[in-house]
Amino acid sequence: MEANEEKVKNAVSQWVEVENSISKESIEWNEKKILLKNLADVLRQELKIKNEELDKTKLASDASSLRRNELLKTKESNAELISLVREKVTTFENHIKTLRYKLPIPLQSKLAPMVKRFPLNEETDQVSLASRLQNVIGIITEIQNFDLVVTTGEELLEGEKNAKEIKTLHIGLGASYYVSSDGVDSGIGLPTKEGWKWIPVEGLNDKVKSILSMITNNTFDPELISLPVSTKKAEK
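Attention in this report is confined to the structure presented alongside it. (Residues numbered from 1 in each chain as written. Predicted model: local features only at pLDDT ≥ 70, side-chain atom pairs only at ≥ 80, totals over all residues. Heavy atoms only, no water.)

### A look at the overall build of the chain
As a reminder, the rule being used: Going along the chain from the N terminus, every DSSP run of H or I of four or more residues is numbered as a helix, and every run of E of two or more is numbered as a strand. Using a 1.4 Å probe on the protein chains alone, a residue whose accessible area is under 20% of its type maximum counts as buried, one over 50% counts as exposed, and one in between counts as partly exposed. Only heavy atoms enter the contact rule, under which two residues are in contact if any of them lie within 4.5 Å.
Counting its regular elements, the chain contains six helices and five strands. Going from the N terminus to the C terminus, the chain shows its helices and strands as α-α-α-α-α-β-β-β-β-β-α. A total of 236 residues make up the chain; the buried ones form 39% of that total. Sequence-distant contacts, at least 24 apart, represent 54% of the contacts inside the chain between residues at least 6 apart.

### Details of the packing of helix α4 (residues 105–115) against helix α5 (residues 129–147)
Basically, it comes down to this: Only C-alpha atoms enter the line fits that serve as axes; for helices the fit covers just the stretch in contact. Angles between N-to-C directions range over 0 to 180 degrees. Put simply, angles under 35 degrees are roughly parallel, angles over 145 are roughly antiparallel, angles from 65 to 115 are roughly perpendicular, and the rest are oblique. Amino acid classes used here: Ala, Val, Leu, Ile, Met, Phe, Trp, Tyr, Cys and Pro are nonpolar; Asp, Glu, Lys and Arg are charged; the rest, including Gly, are polar.
In contact at an axis separation of 10 Å, α4 and α5 are set at 170° when each is read in the N-to-C sense. Here α5 runs roughly antiparallel to α4, going by the angle between their axes. For the pair formed by α4 and α5, the contact residues are P106, L107, K110, L111, M114 and V115 on the first element and N135, G138, I139, E142, I143 and F146 on the second. Looking at the contact of α4 with α5 residue by residue, the classes come out as eight nonpolar, two polar and two charged.

### Notes on the pairing of strand β3 (residues 175–180)
How we decide: Only strands that DSSP links by at least two bridges are regarded as paired with each other.
The buried fraction of β3 is high, at six of six residues. Burial of the side chains of β3 extends over both faces: A175, Y177 and V179 are buried on one face and S176, Y178 and S180 on the other. Relative to β3, strand β2 (residues 163–171) runs antiparallel, the two sharing six bridges. Looking across to β3, one finds that I171 is bridged to A175. Here β3 runs beside strand β4 (residues 186–192); their pairing, made up of three bridges, is antiparallel. Bridge pairing in β4 links V179 to S186. Hairpin remark: β3 followed by β4, antiparallel, with five residues in the connecting loop; positive phi at G183, about 80°.

### Examining the side chain of Q108
Short version of the rule: Side-chain atoms alone can form a polar contact between residues adjacent in sequence; in general such a contact is a pair of N or O atoms within 3.5 Å, and within protein one must be able to donate a hydrogen while the other accepts it.
Topologically, Q108 is positioned in helix α4. With relative accessibility at 15%, the residue Q108 sits in the buried group. Among the polar contacts made by the side chain of Q108, one reaches the main-chain carbonyl oxygen of R100 at a distance of 3.4 Å. Once residues within four sequence positions are removed from consideration, Q108 is found in contact with R100, Y101, K102, L103 and W196.

### Focus on α4
Heads up, the condition is: The arc in question is the one traced by the directions running from the helix axis out to the C-beta atoms.
Within α4, burial applies to L107, Q108, L111, M114 and V115. What you see down the axis of α4 is that its buried residues fit within an arc of 115°, all on one side.

### Overview of the environment of N145
With respect to the helices and strands, N145 occurs in helix α5. Sequence separation between N145 and L107 is 38 residues, and the spatial gap between their C-alpha atoms is 9.8 Å.

### A short note on the sheet that holds strand β1 (residues 150–158)
The antiparallel open sheet is built from five strands, whose spatial order is β1-β2-β3-β4-β5. Two strands in the sheet have a free side with no partner beyond their single neighbour: β1 and β5 (195–200). If you compare each strand with its neighbour and ignore which way they point, the axes differ by 30° on average. Across the sheet, helix α6 (residues 205–217) touches β1, β2, β3 and β4, and the angle it forms with β3 is around 100°.

### Side note on the environment of V136
Assignment of secondary structure puts V136 in helix α5. V136 gets classed as buried once you look at its relative accessible area, which sits at 2%. Residues V136 and F92, spaced 44 residues apart in sequence, show a C-alpha to C-alpha distance of 8.0 Å. Other than its neighbours up to four places away in sequence, V136 contacts L36, V89, F92 and E93.

### Topic: the side chain of N135
Along the chain, N135 falls in helix α5. A distance of 2.8 Å separates a polar side-chain atom of N135 from the backbone oxygen of M114. Ignoring anything within four residues of it in the chain, the contact list for N135 reads M114, R117 and F118.

In short, geometric facts, not functional conclusions.
Rendered as structure tokens:
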């Protein structure tokens, strides 16, 4: 048991040291995912073992009272640990609520149903800690998956006078581009304090259209197409 408790304490200690940052360079999503999985697995194992032993002890003779008292003390210690884990999960959920508006629109849409599972009020909402952990792990997985592929789509870009339909291209979380459906306007996508924004950039029309055409038609010619990559850090 002590080994399991030590494992959880070490995991929580590492969690406290994780930097709350949204820039891709400073977030190690895979490490956070492994950490959360370890917390969830150990937490479930610990509670299962303690509850089973307590149930058995309740039916035992007076000779087992000492062991029962030891288990009760351990359960109280676990309750403190669970409280600490719950605090960290809540912090991460709040971070996700802010972060998601700075992510590309297609990814925001995927995360929306999962974010809705966050408890509105921890005291009244009956959402188990294990479920919350699994939900956060699912969100991290979606972010990881998006970062590994090229995603295309269509959106409405709000202008000063009217909205314009655009075709979008997201190369993981590293770079995003768009070209208007009429082929006139083009630009790049960036996360800002106000959320995800498309920034007009001239001269990308043909390049973005060419890449989108190759992806749509599944025809990848041995042609090198250069696109600008913003070196500006995401605003926090």
